[in-house]
Amino acid sequence: MVDVATLHFFYHKIDRIHSLVIRHQTFDICHFKSGDVQNELDKIHQQALEALAGAETDREIEDLAIRYLGRKGILTQFLRNISQLPTEERPAAGKKANAVKTALDSAFKLAAEKLASSGAAADAKIDVSLPGRVPAQGTLHPITQVNQEICDIFLSLGFDIGEGPEVESDWYNFEALNFPKNHPARDMQDTFFVSDDVVLRTHTSPLQIRTMEKQPPPVRIVTPGKVYRCDSDLTHTPMFHQVEGLLVDENISFGDLKGILTTFVHQMFDEQTSLRFRPSFFPFTEPSAEVDILCVICRGEGCRVCSHTGWLEILGSGMVHPALYENVGYEADRYTGFAFGMGVERIAMLKYGIDDIRRFFENDVRFLSQF
Ligand code: DAH
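Residues numbered from 1 in each chain as written. Predicted model: local features only at pLDDT ≥ 70, side-chain atom pairs only at ≥ 80, totals over all residues. Heavy atoms only, no water.

Engineer: Quick rundown of the pattern of salt bridges? Include the residues and the values.
Structural biologist: Within this structure, the stated rule accounts for 16 salt bridges. With a shortest N-O distance of 2.7 Å, Asp-42 and Lys-96 are connected by a salt bridge. Note that Asp-42 is positioned in helix α2 (residues 37–54) and Lys-96 in helix α5 (residues 90–118), a separation of 54 residues in sequence. Ionic pairing is found between Arg-278 and Glu-290, a salt bridge with its closest N-O pair at 3.1 Å. Linking Arg-278 in strand β7 (residues 275–282) with Glu-290 in strand β8 (residues 285–294), this pair joins segments that are 12 residues apart in sequence. (Salt bridge = Lys/Arg side-chain N within 4 Å of Asp/Glu carboxyl O. Helix = DSSP H or I, 4+ residues; strand = E, 2+ residues; numbered from the N terminus.)

Engineer: Mind laying out the packing of aromatic side chains, listing which residues take part and the relevant values?
Structural biologist: Taken as a whole and assessed by the stated rule, the structure comprises 14 aromatic pairs. Taking 5.0 Å as the distance between ring centres and 25° as the angle between the ring planes, the aromatic pair formed by Phe-154 and Phe-340 counts as stacked. Taken as a pair, Phe-154 in helix α6 (residues 142–156) and Phe-340 in strand β10 (residues 336–343) lie far apart in primary sequence, 186 residues in all. Like Phe-340, Phe-154 is buried. In textbook terms, an aromatic cluster arises when at least three aromatic residues are bridged by ring pairs, as seen for Phe-154, Phe-159, Phe-264, Phe-338 and Phe-340. Note that Arg-210 overlies the ring of Tyr-172, its terminal NZ or CZ placed 3.9 Å from the centroid. (Phe/Tyr/Trp six-rings, centres within 6.5 Å; stacked < 30°, edge-to-face > 60°. Buried < 20%, exposed > 50% of the residue type's maximum accessible area, 1.4 Å probe, protein only. Lys NZ or Arg CZ within 6 Å of the ring centre and 35° of its normal.)

Engineer: Got a sec to walk through the nonpolar core? Specific residues and values, please.
Structural biologist: Ile-150, Phe-154, Phe-264, Ile-293 and Met-342 are the most contacted members of the largest nonpolar core, which totals 42 residues. When contributions to this core are tallied by element, the ones reaching two or more residues are α6, β6 (239–249), α9 (254–268), β8, β9 (311–320), β10, α11 (344–352) and α12 (365–368). The greatest single-element share of this core, amounting to six residues, is contributed by α9. With residues up to four places along the chain from it excluded, the contact list for Phe-264 reads Ile-150, Ile-153, Phe-154, Leu-315, Met-342 and Ile-347. (Core = buried A, V, L, I, M, F, W, Y, C linked by side-chain atoms within 4.5 Å. Contact = heavy atoms within 4.5 Å.)

Engineer: Give me the lowdown on the pairing of β8, citing residues and values where you can.
Structural biologist: Within β8, eight of the 10 residues are buried, which leaves the element mostly enclosed by the surrounding structure. Pairing of β7 with β8, which is carried by seven bridges, proceeds in the antiparallel orientation. By the bridge assignment, Phe-282 is partnered in β8 with Thr-285. The loop that links β7 with its antiparallel partner β8 comprises two residues. (Pairing = 2+ DSSP bridges.)

Engineer: Explain the sheet that holds strand β3 (residues 193–195) to me, using residue names and the numbers behind them.
Structural biologist: Taken in spatial order, the three strands of this open sheet run β2-β4-β3, and their pairing is antiparallel. Edge positions in the sheet fall to β2 (167–169) and β3, since each has one partner strand and no second. Along the sheet, successive strands turn relative to each other by an average axial angle of 35°, direction set aside. Note: β3 against strand β4 (residues 198–200), two bridges, orientation antiparallel. When the sheet's bridge partners are listed, Phe-193 is paired in β4 with Val-199. (Axes fitted to C-alpha atoms, helices over the stretch in contact; angles between N-to-C directions.)

Engineer: Any details on the packing of α2 against α5? Residues and values, ideally.
Structural biologist: Packing of α2 against α5 brings their axes to within 10 Å, and their N-to-C directions diverge by 5°. It follows that α2 is roughly parallel to α5 by the angle criterion. Here Val-37, Gln-38, Leu-41, Asp-42, His-45, Ala-48, Leu-49 and Leu-52 of α2 lie close against α5, whose contacting residues are Ala-92, Ala-93, Lys-96, Ala-97, Val-100, Ala-103, Leu-104, Ala-107, Phe-108 and Ala-111. (Parallel < 35°, antiparallel > 145°, perpendicular 65-115°, else oblique.)

Engineer: Describe the site of the ligand, listing the residues and the values that go with them.
Structural biologist: What surrounds the ligand is a group of 15 residues, the closest being His-203, Ser-205, Arg-229, Gln-242 and Glu-244. Here an oxygen atom of the ligand sits 3.3 Å away from a polar atom, N or O, in the main chain of Phe-340. Contact with the protein chains covers 91% of the free accessible surface of the ligand, which is 350 Å². Taken together, the residues of the shell around the ligand sort by class into four nonpolar, nine polar and two charged. (Near = heavy atom within 4 Å. Polar contact = N/O pair within 3.5 Å; in protein donor to acceptor, adjacent residues only side chain to side chain. Areas by Shrake-Rupley, 256 points an atom, 1.4 Å probe, with all protein chains shown as cover. Nonpolar A, V, L, I, M, F, W, Y, C, P; charged D, E, K, R; others polar.)

Following this line, the structure appears as C-alpha coordinates:
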(Lines give C-alpha, C1' and ligand atoms only; values in the text may rest on other atoms or scores of the structure.)
Protein backbone atom coordinates (compact mmCIF):
# COMPACT_ATOMS: atom_id res chain seq x y z
CA MET A 1 0.00 0.00 0.00
CA VAL A 2 1.24 3.47 -0.85
CA ASP A 3 0.35 6.01 1.81
CA VAL A 4 -1.03 9.46 1.15
CA ALA A 5 2.23 11.23 2.03
CA THR A 6 4.13 9.18 -0.56
CA LEU A 7 1.50 9.87 -3.21
CA HIS A 8 1.74 13.60 -2.50
CA PHE A 9 5.51 13.39 -2.78
CA PHE A 10 5.31 11.84 -6.25
CA TYR A 11 2.53 14.16 -7.26
CA HIS A 12 4.79 17.13 -6.55
CA LYS A 13 7.74 15.54 -8.25
CA ILE A 14 5.76 14.95 -11.46
CA ASP A 15 4.35 18.46 -11.28
CA ARG A 16 7.83 19.86 -10.92
CA ILE A 17 9.27 17.86 -13.85
CA HIS A 18 6.33 18.93 -15.99
CA SER A 19 6.91 22.60 -15.30
CA LEU A 20 10.68 22.29 -15.88
CA VAL A 21 10.08 20.71 -19.29
CA ILE A 22 7.73 23.54 -20.26
CA ARG A 23 10.11 26.16 -18.91
CA HIS A 24 12.90 24.89 -21.19
CA GLN A 25 10.83 24.83 -24.34
CA THR A 26 12.24 27.64 -26.42
CA PHE A 27 10.08 29.88 -28.44
CA ASP A 28 11.03 29.90 -32.11
CA ILE A 29 9.87 33.08 -33.76
CA CYS A 30 10.98 31.83 -37.19
CA HIS A 31 7.95 29.57 -37.37
CA PHE A 32 5.68 32.56 -37.69
CA LYS A 33 4.57 33.60 -41.04
CA SER A 34 4.74 37.31 -41.43
CA GLY A 35 1.42 38.87 -40.28
CA ASP A 36 0.79 35.94 -37.94
CA VAL A 37 2.63 37.55 -35.11
CA GLN A 38 -0.25 39.58 -33.70
CA ASN A 39 -2.54 36.51 -33.74
CA GLU A 40 0.11 34.31 -32.23
CA LEU A 41 0.66 36.80 -29.37
CA ASP A 42 -3.09 36.92 -28.74
CA LYS A 43 -3.12 33.13 -28.60
CA ILE A 44 -0.25 33.07 -26.11
CA HIS A 45 -2.03 35.68 -24.01
CA GLN A 46 -5.26 33.67 -24.09
CA GLN A 47 -3.55 30.36 -23.23
CA ALA A 48 -1.72 31.95 -20.33
CA LEU A 49 -4.94 33.38 -18.92
CA GLU A 50 -6.71 30.03 -19.28
CA ALA A 51 -3.88 28.20 -17.53
CA LEU A 52 -3.93 30.83 -14.78
CA ALA A 53 -7.66 30.34 -14.26
CA GLY A 54 -6.97 26.67 -13.49
CA ALA A 55 -4.07 27.37 -11.10
CA GLU A 56 -4.98 26.54 -7.50
CA THR A 57 -1.74 26.96 -5.62
CA ASP A 58 1.08 29.47 -5.23
CA ARG A 59 3.38 26.97 -6.86
CA GLU A 60 1.19 26.64 -9.97
CA ILE A 61 0.94 30.43 -10.38
CA GLU A 62 4.68 30.79 -9.94
CA ASP A 63 5.36 28.07 -12.51
CA LEU A 64 3.11 29.83 -15.04
CA ALA A 65 4.87 33.14 -14.43
CA ILE A 66 8.21 31.46 -15.07
CA ARG A 67 6.85 29.69 -18.15
CA TYR A 68 5.67 32.91 -19.80
CA LEU A 69 7.73 35.72 -18.27
CA GLY A 70 10.84 34.01 -16.86
CA ARG A 71 14.33 34.44 -18.28
CA LYS A 72 13.70 31.63 -20.75
CA GLY A 73 9.95 32.22 -20.81
CA ILE A 74 7.86 32.34 -23.96
CA LEU A 75 7.42 36.12 -24.10
CA THR A 76 10.99 36.84 -23.10
CA GLN A 77 12.21 34.63 -25.92
CA PHE A 78 9.86 36.39 -28.29
CA LEU A 79 11.17 39.83 -27.41
CA ARG A 80 14.75 38.63 -27.62
CA ASN A 81 14.20 37.23 -31.12
CA ILE A 82 12.22 40.12 -32.49
CA SER A 83 15.14 41.13 -34.70
CA GLN A 84 14.46 38.07 -36.83
CA LEU A 85 11.16 39.56 -38.03
CA PRO A 86 10.90 41.66 -41.16
CA THR A 87 11.88 45.22 -40.25
CA GLU A 88 8.44 46.72 -40.90
CA GLU A 89 6.74 44.26 -38.53
CA ARG A 90 9.14 44.74 -35.63
CA PRO A 91 7.68 47.92 -34.01
CA ALA A 92 4.09 46.60 -33.86
CA ALA A 93 5.21 43.13 -32.73
CA GLY A 94 7.43 44.65 -30.03
CA LYS A 95 4.64 46.88 -28.81
CA LYS A 96 2.15 44.01 -28.74
CA ALA A 97 4.56 41.61 -27.00
CA ASN A 98 5.31 44.21 -24.33
CA ALA A 99 1.59 44.87 -23.80
CA VAL A 100 0.91 41.10 -23.38
CA LYS A 101 3.87 40.83 -21.02
CA THR A 102 2.60 43.69 -18.83
CA ALA A 103 -0.95 42.33 -18.85
CA LEU A 104 0.20 38.83 -17.87
CA ASP A 105 2.51 40.22 -15.22
CA SER A 106 -0.36 41.98 -13.47
CA ALA A 107 -2.69 38.98 -13.97
CA PHE A 108 -0.18 36.68 -12.22
CA LYS A 109 0.31 39.14 -9.36
CA LEU A 110 -3.42 39.61 -8.92
CA ALA A 111 -4.03 35.84 -8.88
CA ALA A 112 -1.31 35.33 -6.24
CA GLU A 113 -2.79 38.10 -4.05
CA LYS A 114 -6.28 36.66 -4.39
CA LEU A 115 -5.06 33.23 -3.41
CA ALA A 116 -3.20 34.55 -0.35
CA SER A 117 -6.19 36.53 0.86
CA SER A 118 -8.55 33.57 0.35
CA GLY A 119 -6.46 31.64 2.87
CA ALA A 120 -5.99 28.74 0.46
CA ALA A 121 -2.32 29.43 -0.08
CA ALA A 122 -1.34 25.95 1.06
CA ASP A 123 0.45 23.93 -1.53
CA ALA A 124 -1.91 20.97 -1.32
CA LYS A 125 -5.15 20.61 -3.20
CA ILE A 126 -8.24 20.00 -1.10
CA ASP A 127 -9.58 16.51 -1.56
CA VAL A 128 -13.22 16.71 -0.51
CA SER A 129 -13.57 12.93 -0.68
CA LEU A 130 -11.07 12.36 2.18
CA PRO A 131 -12.72 11.15 5.40
CA GLY A 132 -12.96 13.88 8.05
CA ARG A 133 -10.65 13.98 11.02
CA VAL A 134 -12.49 12.72 14.08
CA PRO A 135 -11.56 14.85 17.09
CA ALA A 136 -9.90 12.85 19.87
CA GLN A 137 -12.33 12.39 22.70
CA GLY A 138 -11.25 12.11 26.34
CA THR A 139 -12.62 9.67 28.90
CA LEU A 140 -12.80 9.84 32.66
CA HIS A 141 -9.68 8.47 34.33
CA PRO A 142 -10.26 4.90 35.61
CA ILE A 143 -9.58 6.08 39.18
CA THR A 144 -12.23 8.78 38.80
CA GLN A 145 -14.65 6.20 37.41
CA VAL A 146 -14.08 3.70 40.24
CA ASN A 147 -14.24 6.53 42.79
CA GLN A 148 -17.62 7.58 41.40
CA GLU A 149 -18.83 4.00 41.36
CA ILE A 150 -17.92 3.54 45.04
CA CYS A 151 -19.63 6.81 45.98
CA ASP A 152 -22.74 5.95 43.92
CA ILE A 153 -23.17 2.65 45.76
CA PHE A 154 -23.03 4.39 49.15
CA LEU A 155 -25.28 7.22 47.94
CA SER A 156 -27.85 4.56 47.03
CA LEU A 157 -27.54 3.22 50.60
CA GLY A 158 -28.40 6.63 52.04
CA PHE A 159 -24.90 8.03 52.68
CA ASP A 160 -23.90 11.66 52.01
CA ILE A 161 -20.64 12.69 50.30
CA GLY A 162 -18.14 14.98 52.03
CA GLU A 163 -14.57 16.23 51.63
CA GLY A 164 -11.76 17.89 53.55
CA PRO A 165 -8.22 19.31 53.33
CA GLU A 166 -5.22 17.37 52.04
CA VAL A 167 -2.82 19.36 54.23
CA GLU A 168 -3.85 18.35 57.71
CA SER A 169 -2.86 19.08 61.29
CA ASP A 170 -1.31 16.43 63.50
CA TRP A 171 -4.49 16.67 65.62
CA TYR A 172 -6.89 15.56 62.88
CA ASN A 173 -4.57 13.11 61.14
CA PHE A 174 -3.39 11.37 64.34
CA GLU A 175 -4.17 12.74 67.79
CA ALA A 176 -7.98 13.01 67.57
CA LEU A 177 -8.04 9.55 65.96
CA ASN A 178 -6.52 8.11 69.11
CA PHE A 179 -2.93 7.91 67.84
CA PRO A 180 -1.04 9.28 70.85
CA LYS A 181 2.31 10.96 70.15
CA ASN A 182 5.09 8.35 69.76
CA HIS A 183 2.47 5.61 69.27
CA PRO A 184 4.02 2.89 67.08
CA ALA A 185 0.93 2.89 64.82
CA ARG A 186 2.10 6.27 63.47
CA ASP A 187 5.04 4.45 61.88
CA MET A 188 2.66 2.45 59.67
CA GLN A 189 1.79 5.61 57.82
CA ASP A 190 5.12 6.81 56.29
CA THR A 191 4.11 10.42 56.85
CA PHE A 192 5.18 13.42 54.73
CA PHE A 193 5.66 16.27 57.24
CA VAL A 194 5.04 19.88 56.24
CA SER A 195 6.19 21.00 59.69
CA ASP A 196 6.26 19.40 63.15
CA ASP A 197 2.53 19.78 63.52
CA VAL A 198 1.33 19.78 59.90
CA VAL A 199 1.30 16.78 57.55
CA LEU A 200 0.00 15.72 54.16
CA ARG A 201 -2.90 13.57 55.30
CA THR A 202 -1.88 9.92 55.31
CA HIS A 203 -5.48 8.70 55.18
CA THR A 204 -9.02 10.04 54.85
CA SER A 205 -9.85 9.10 58.46
CA PRO A 206 -9.39 12.74 59.69
CA LEU A 207 -12.73 13.32 57.94
CA GLN A 208 -14.41 11.19 60.59
CA ILE A 209 -13.41 13.83 63.17
CA ARG A 210 -14.15 16.82 60.91
CA THR A 211 -17.61 15.44 60.05
CA MET A 212 -18.59 14.68 63.65
CA GLU A 213 -17.36 18.11 64.79
CA LYS A 214 -19.67 19.73 62.26
CA GLN A 215 -22.87 17.79 62.84
CA PRO A 216 -24.66 15.88 65.60
CA PRO A 217 -25.67 12.22 65.06
CA PRO A 218 -27.04 10.54 63.05
CA VAL A 219 -24.06 10.64 60.66
CA ARG A 220 -23.93 8.67 57.46
CA ILE A 221 -21.17 9.87 55.14
CA VAL A 222 -18.49 8.77 52.66
CA THR A 223 -15.52 11.06 52.01
CA PRO A 224 -13.32 10.38 48.98
CA GLY A 225 -9.96 12.08 48.56
CA LYS A 226 -6.23 12.00 47.85
CA VAL A 227 -3.84 10.79 50.53
CA TYR A 228 -0.03 10.81 50.72
CA ARG A 229 2.58 8.38 51.99
CA CYS A 230 6.32 8.19 51.51
CA ASP A 231 6.20 4.84 49.71
CA SER A 232 6.69 3.72 46.11
CA ASP A 233 6.71 0.28 44.45
CA LEU A 234 4.51 -2.03 42.31
CA THR A 235 1.54 -1.58 44.64
CA HIS A 236 2.26 1.81 46.28
CA THR A 237 2.48 5.38 44.99
CA PRO A 238 3.27 8.47 47.13
CA MET A 239 -0.19 9.82 46.35
CA PHE A 240 -3.24 7.62 46.09
CA HIS A 241 -6.99 7.78 46.69
CA GLN A 242 -9.11 6.57 49.56
CA VAL A 243 -12.78 6.57 50.37
CA GLU A 244 -13.67 6.81 54.05
CA GLY A 245 -17.04 5.84 55.44
CA LEU A 246 -18.66 6.69 58.77
CA LEU A 247 -22.05 5.79 60.20
CA VAL A 248 -22.97 6.84 63.75
CA ASP A 249 -26.36 6.59 65.42
CA GLU A 250 -28.06 4.90 68.37
CA ASN A 251 -27.98 1.09 68.39
CA ILE A 252 -25.53 0.57 65.55
CA SER A 253 -23.86 -2.83 65.76
CA PHE A 254 -21.11 -4.79 64.09
CA GLY A 255 -23.92 -6.56 62.19
CA ASP A 256 -24.76 -3.25 60.48
CA LEU A 257 -21.12 -2.87 59.46
CA LYS A 258 -21.12 -6.38 57.97
CA GLY A 259 -24.42 -5.81 56.18
CA ILE A 260 -23.38 -2.51 54.57
CA LEU A 261 -19.94 -3.73 53.50
CA THR A 262 -21.34 -7.01 52.12
CA THR A 263 -23.87 -5.06 50.04
CA PHE A 264 -21.06 -2.78 48.85
CA VAL A 265 -18.81 -5.67 47.76
CA HIS A 266 -21.65 -7.46 45.97
CA GLN A 267 -22.49 -4.31 44.02
CA MET A 268 -18.87 -3.35 43.29
CA PHE A 269 -17.81 -6.84 42.17
CA ASP A 270 -20.65 -9.39 41.97
CA GLU A 271 -22.97 -11.46 44.16
CA GLN A 272 -20.58 -14.43 43.96
CA THR A 273 -17.80 -12.47 45.65
CA SER A 274 -17.76 -13.69 49.25
CA LEU A 275 -16.19 -11.69 52.07
CA ARG A 276 -14.42 -12.51 55.27
CA PHE A 277 -13.89 -10.21 58.25
CA ARG A 278 -10.43 -10.71 59.72
CA PRO A 279 -9.60 -9.28 63.19
CA SER A 280 -7.13 -6.39 62.95
CA PHE A 281 -6.01 -3.27 64.78
CA PHE A 282 -6.56 0.43 64.16
CA PRO A 283 -6.28 3.00 66.98
CA PHE A 284 -9.60 4.64 66.00
CA THR A 285 -11.77 1.50 65.89
CA GLU A 286 -12.50 -1.20 68.46
CA PRO A 287 -13.01 -3.95 67.51
CA SER A 288 -11.33 -3.61 64.12
CA ALA A 289 -11.55 -5.85 61.09
CA GLU A 290 -9.91 -6.02 57.72
CA VAL A 291 -12.17 -7.19 54.94
CA ASP A 292 -10.94 -9.72 52.40
CA ILE A 293 -12.82 -10.77 49.29
CA LEU A 294 -12.58 -14.10 47.51
CA CYS A 295 -9.84 -13.71 44.90
CA VAL A 296 -11.47 -12.23 41.77
CA ILE A 297 -8.91 -14.03 39.59
CA CYS A 298 -8.91 -17.62 40.89
CA ARG A 299 -12.16 -17.58 42.94
CA GLY A 300 -10.34 -19.02 45.95
CA GLU A 301 -8.24 -21.70 44.19
CA GLY A 302 -5.01 -19.83 44.92
CA CYS A 303 -3.00 -17.85 42.36
CA ARG A 304 -0.16 -15.33 42.05
CA VAL A 305 -2.45 -12.32 42.58
CA CYS A 306 -3.73 -13.55 45.96
CA SER A 307 -0.32 -15.03 46.94
CA HIS A 308 -2.01 -18.46 46.87
CA THR A 309 -4.26 -17.62 49.82
CA GLY A 310 -7.47 -17.41 47.78
CA TRP A 311 -8.28 -14.03 49.43
CA LEU A 312 -7.58 -10.36 48.71
CA GLU A 313 -7.61 -7.60 51.32
CA ILE A 314 -9.74 -4.64 50.22
CA LEU A 315 -10.46 -2.43 53.21
CA GLY A 316 -10.07 -1.65 56.91
CA SER A 317 -13.04 -1.19 59.20
CA GLY A 318 -14.30 -1.34 62.74
CA MET A 319 -16.60 0.07 65.39
CA VAL A 320 -15.78 3.72 66.15
CA HIS A 321 -13.56 3.92 69.26
CA PRO A 322 -15.31 5.80 72.12
CA ALA A 323 -12.22 8.04 72.46
CA LEU A 324 -13.26 9.71 69.15
CA TYR A 325 -16.70 10.56 70.55
CA GLU A 326 -14.97 12.24 73.52
CA ASN A 327 -12.78 14.24 71.11
CA VAL A 328 -15.75 15.61 69.17
CA GLY A 329 -18.19 16.03 72.07
CA TYR A 330 -20.59 13.18 71.24
CA GLU A 331 -22.26 11.27 74.11
CA ALA A 332 -20.04 8.18 74.11
CA ASP A 333 -22.51 6.02 76.04
CA ARG A 334 -25.44 6.88 73.78
CA TYR A 335 -24.01 6.48 70.29
CA THR A 336 -22.25 3.70 68.47
CA GLY A 337 -21.12 3.50 64.90
CA PHE A 338 -18.77 2.00 62.43
CA ALA A 339 -16.12 3.31 60.04
CA PHE A 340 -14.29 1.92 57.06
CA GLY A 341 -11.60 3.04 54.66
CA MET A 342 -10.53 1.66 51.30
CA GLY A 343 -7.93 2.40 48.64
CA VAL A 344 -9.49 3.30 45.28
CA GLU A 345 -6.44 2.20 43.23
CA ARG A 346 -6.49 -1.19 44.95
CA ILE A 347 -10.17 -1.72 44.16
CA ALA A 348 -9.60 -0.61 40.54
CA MET A 349 -6.62 -2.99 40.20
CA LEU A 350 -8.67 -5.93 41.48
CA LYS A 351 -11.71 -5.04 39.41
CA TYR A 352 -9.75 -4.69 36.16
CA GLY A 353 -6.88 -7.15 36.82
CA ILE A 354 -4.12 -4.49 36.70
CA ASP A 355 -0.85 -5.61 38.28
CA ASP A 356 1.10 -2.34 38.46
CA ILE A 357 -0.38 0.68 40.24
CA ARG A 358 1.94 3.04 38.35
CA ARG A 359 -0.08 2.50 35.14
CA PHE A 360 -2.70 4.84 36.62
CA PHE A 361 -0.24 7.71 36.78
CA GLU A 362 1.76 7.33 33.56
CA ASN A 363 -1.01 8.92 31.47
CA ASP A 364 -0.53 6.50 28.59
CA VAL A 365 -3.65 7.08 26.49
CA ARG A 366 -3.54 3.50 25.18
CA PHE A 367 -3.97 2.30 28.77
CA LEU A 368 -6.46 4.96 29.89
CA SER A 369 -8.76 4.65 26.88
CA GLN A 370 -9.54 1.02 27.72
CA PHE A 371 -11.86 2.03 30.54
N1 DAH B 1 -7.23 4.81 57.69
C2 DAH B 1 -6.84 3.44 57.53
C3 DAH B 1 -5.63 3.36 56.64
O4 DAH B 1 -5.41 4.26 55.86
C5 DAH B 1 -7.96 2.63 56.91
C6 DAH B 1 -9.11 2.46 57.84
C7 DAH B 1 -9.16 1.37 58.68
C8 DAH B 1 -10.12 3.36 57.86
C9 DAH B 1 -10.20 1.19 59.54
C10 DAH B 1 -11.20 3.19 58.72
C11 DAH B 1 -11.21 2.09 59.55
O12 DAH B 1 -12.21 4.05 58.78
O13 DAH B 1 -12.27 1.93 60.39
O14 DAH B 1 -4.90 2.40 56.69
